[in-house]
Amino acid sequence: NLPWAPEIHLHAEITLQIQAANRLSCMDACDPELSGESLNRVVRGLVYMLSGHRGVSEVQRIKAQVVAAQALAWLCDNPSAPEIIFDHGISTVVGVMESEVIDRNVLLEVISLCGWLAVSSDDNALRLGRYPQCIRAIIRSLSSPQPALQVKSAWALSALARGKNKAVIVALGEGA
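What comes next is a walk through the structure. Keep in mind the model is a prediction, meaning the values are calculated, not measured. (Residues numbered from 1 in each chain as written. Predicted model: local features only at pLDDT ≥ 70, side-chain atom pairs only at ≥ 80, totals over all residues. Heavy atoms only, no water.)

### Here's the deal with the overall build of the protein
Moving on, step 1. A count of helical and extended segments in the protein gives 10 helices and 0 strands.
Moving on, step 2. Taking 16 Å as the expected radius of gyration for a compact globule of 176 residues, we find that the protein reaches 16 Å, a close match to that expectation.
Moving on, step 3. Taken across its 176 residues, the protein has 48% of its residues classed as buried.
Moving on, step 4. If you sum the accessible surface of the protein, you get close to 8500 Å²; carbon and sulfur atoms cover 52% of it. (Helix = DSSP H or I, 4+ residues; strand = E, 2+ residues; numbered from the N terminus. Rg over C-alpha atoms; globule rule 2.2 N^0.38 Å. Buried < 20%, exposed > 50% of the residue type's maximum accessible area, 1.4 Å probe, protein only. Areas by Shrake-Rupley, 256 points an atom, 1.4 Å probe, with all protein chains shown as cover.)

### Brief notes about the nonpolar core
Looking at soluble globular proteins, one finds that nonpolar side chains tend to be buried together.
Moving on, step 1. One finds Leu24, Val43, Leu46, Leu50, Leu75, Met97 and Leu113 to be the most contacted residues of the largest nonpolar core, which totals 58 residues.
Moving on, step 2. The leading source of residues in this core is helix α3 (residues 58–75), at 11 residues. (Core = buried A, V, L, I, M, F, W, Y, C linked by side-chain atoms within 4.5 Å.)

### Topic: the packing of helix α4 (residues 81–88) against helix α6 (residues 104–120)
Moving on, step 1. With their axes 10 Å apart at the nearest point, α4 and α6 run at an angle of 125 degrees to one another. Accordingly, the angle class assigned to the pair α4 and α6 is oblique. As α4 packs across α6, the resulting crossing turns out to be left-handed. Here Pro82, Ile85 and Phe86 of α4 lie close against α6, whose contacting residues are Leu113, Leu117 and Ser120.
Moving on, step 2. The residue inventory of the contact of α4 with α6, partitioned by class, reads 5 nonpolar, 1 polar and no charged. (Axes fitted to C-alpha atoms, helices over the stretch in contact; angles between N-to-C directions. Parallel < 35°, antiparallel > 145°, perpendicular 65-115°, else oblique. Left-handed = near helix turned anticlockwise from the far one by under 90°. Contact = heavy atoms within 4.5 Å. Nonpolar A, V, L, I, M, F, W, Y, C, P; charged D, E, K, R; others polar.)

### Points about helix α2 (residues 36–51)
Moving on, step 1. Taking 1.5 Å per residue as the helical rise, α2 with its 16 residues ought to reach 22 Å, and the 23 Å between its terminal C-alpha atoms agrees with that figure.
Moving on, step 2. Those residues of α2 that fall on the buried side of the exposure criterion are Ser38, Leu39, Asn40, Val42, Val43, Gly45, Leu46, Val47, Met49 and Leu50.
Moving on, step 3. Along its buried surface, α2 packs onto α1 (14–24), α3, α4, α5 (90–98) and α6.
Moving on, step 4. Immediately beyond the C-terminal end of α2, within one or two residues, lies Gly52, with a positive phi of roughly 100 degrees. (Expected span 1.5 Å × (residues − 1).)

Written as C-alpha cells, this is what we have:
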C-alpha cells in the first residue's frame, strides 16, 4: 500500500510532501501498486507541487519544485505515467519553463523531465515538440553560465530531435 503517495500534495506540511516525493523516487517506477488511480493521483500531486506553493517560504517552494520534477522524471519509466503527465501536467511544465523568474535548479530538473518524457517514446518526443515554448527554453539554457544546465539542455534537445521536431529545433535555434 502507498498510504502517503496518492494524496502527496495534501500533506499539511510541505516538508512531508518533499519527503514523500523523495521516498517515491526510491521505489520501482513499475511497481504494480503504482498504477491506475493511484498513479494518476501521484502524478497530479507532483504536478501540483511543481506548480509552486503559495504560503510557503521561497526556499521550501523551490525544494518542492525540484523534488517534484525529479520524481516526475523518474516516473517516466512507468509506461502509463508520461500519458498522465501530458494529460494533466504539461501546461504546468510549460508554465514553469516560461516563467520570467525561475530558479536554475528548478529549470534544470524541468528540462530533465522534458528529456525523460522524450526518451520514454518517439511519440512522446513528437508530442512534446508541439510545445515550442519548451524547446525555446531548453535552447536558451544552452547559453547558461551553469555547465550542468548546458549539459542537461543538450541532452534534452538530442532526446527531442526526432522527426519534425528537428526542423522546429533548428528554426527556434536560429531565432535565438
